[in-house]
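# Residue-level structure breakdown
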Amino acid sequence: EEALRWLLQAQDEFNDAERFYLALFHFQQAAEKALKAYLYLYVADRQVFFTHSVDELPEMAQEIDTDFASLTQTKKLDQYYIPTRYPNGLPGGVPSRFYTDPKEAEEAMELARDLLELITRKITGEDTQKRS
């Protein structure tokens, strides 16, 4: 139940991304929440959920399932957690004017999509590979 709530939120945020600065933030959020959805199934210590790092969360997931080792590039999404929302998180810039590169948004979307697809398969049982 809790895992499905987090997965639904992750999927909705992935789909809500329209503007580049918002898209980048939403891709980070979708990845973070999808990872937390997966971890809710396997981790008893809820303290891990205080992190927002898409670099740290896959490491935790990898301890459960080695398939997460293939997602090392998702850590790039961490750079979109604060600077895409707050002008003081982006010295000398305004996020809505700074993040305008469609290629950057496309790369972030692919990273989040790969992670969401893996976690969706794991949570819904569509993935039949053996856990390590």
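Residues numbered from 1 in each chain as written. Predicted model: local features only at pLDDT ≥ 70, side-chain atom pairs only at ≥ 80, totals over all residues. Heavy atoms only, no water.

Of note, Leu57 is situated in helix H3 (residues 56-64). What makes Leu57 buried here is its relative accessible area of 0%. In sequence terms Leu57 and Leu7 are 50 residues apart; their C-alpha atoms lie 15 Å from each other. (Helix = DSSP H or I, 4+ residues; strand = E, 2+ residues; numbered from the N terminus. Buried < 20%, exposed > 50% of the residue type's maximum accessible area, 1.4 Å probe, protein only.)

Here the focus is a negative patch on the surface. A grouping of Asp55, Glu56, Glu59 and Glu63 is seen on the molecular surface, where their side chains present a negatively charged patch. Checked against the element boundaries, Asp55 lands in the loop between helix H2 (20-42) and H3. We classify Asp55 as partly exposed; its relative accessible area is 33%. (Patch = residues over 30% accessible without salt bridge, like charges linked within 9 Å, V, L, I, M, F, W, Y side chains within 5 Å. Areas by Shrake-Rupley, 256 points an atom, 1.4 Å probe, with all protein chains shown as cover. Salt bridge = Lys/Arg side-chain N within 4 Å of Asp/Glu carboxyl O. Lys, Arg positive; Asp, Glu negative; His and termini not counted. Charge placed at Lys NZ, Arg CZ, Asp CG, Glu CD.)

For the pair H2 and helix H5 (residues 102-124), interaxial distance at closest approach is 9 Å and the crossing angle is 20°. The angle between H2 and H5 falls in the class roughly parallel. The element H2 and its partner H5 pack so that their crossing is left-handed. Taking contact as the criterion, the partners of Phe20, Leu24, Phe27, Ala30, Ala31, Ala34, Leu35, Ala37, Tyr38 and Leu41 in H2 are, on H5, Pro102, Glu104, Ala105, Ala108, Met109, Ala112, Leu115, Leu116, Ile119, Lys122 and Ile123. Here the residues of the contact of H2 with H5 sort into 19 nonpolar, no polar and two charged. (Axes fitted to C-alpha atoms, helices over the stretch in contact; angles between N-to-C directions. Parallel < 35°, antiparallel > 145°, perpendicular 65-115°, else oblique. Left-handed = near helix turned anticlockwise from the far one by under 90°. Contact = heavy atoms within 4.5 Å. Nonpolar A, V, L, I, M, F, W, Y, C, P; charged D, E, K, R; others polar.)

Another point: H3. The complete set of buried residues in H3 reads Leu57, Pro58, Ala61 and Ile64. Down the axis, H3 shows its buried residues gathered within 100° of arc, on one side only. Along its buried surface, H3 packs onto H2. (Arc of directions from axis to C-beta.)

Moving on, we come to the packing of aromatic side chains. Taken as a whole and assessed by the stated rule, the structure comprises five aromatic pairs. Centroid distance Phe25 to Tyr81: 6.4 Å. Interplanar angle 35°. Geometry classified as tilted. In this pair, Phe25 sits in helix H2 while Tyr81 sits in the loop between H3 and helix H4 (95-98), placing the two residues 56 residues apart along the sequence. Given the relative accessible area of 13%, Phe25 is considered buried. Between Tyr38 and Phe68 the ring centres are 4.7 Å apart and the planes differ by 45°, which places this aromatic pair in the tilted class. Here Tyr38, found in helix H2, pairs with Phe68, found in the loop between H3 and H4; they are 30 residues apart in sequence, far enough to count as distant. Take Tyr38 and Phe68: they sit in the same class, and that class is buried. Sitting over the ring of Tyr81, Arg85 keeps its end group 4.9 Å from the ring centre. (Phe/Tyr/Trp six-rings, centres within 6.5 Å; stacked < 30°, edge-to-face > 60°. Lys NZ or Arg CZ within 6 Å of the ring centre and 35° of its normal.)

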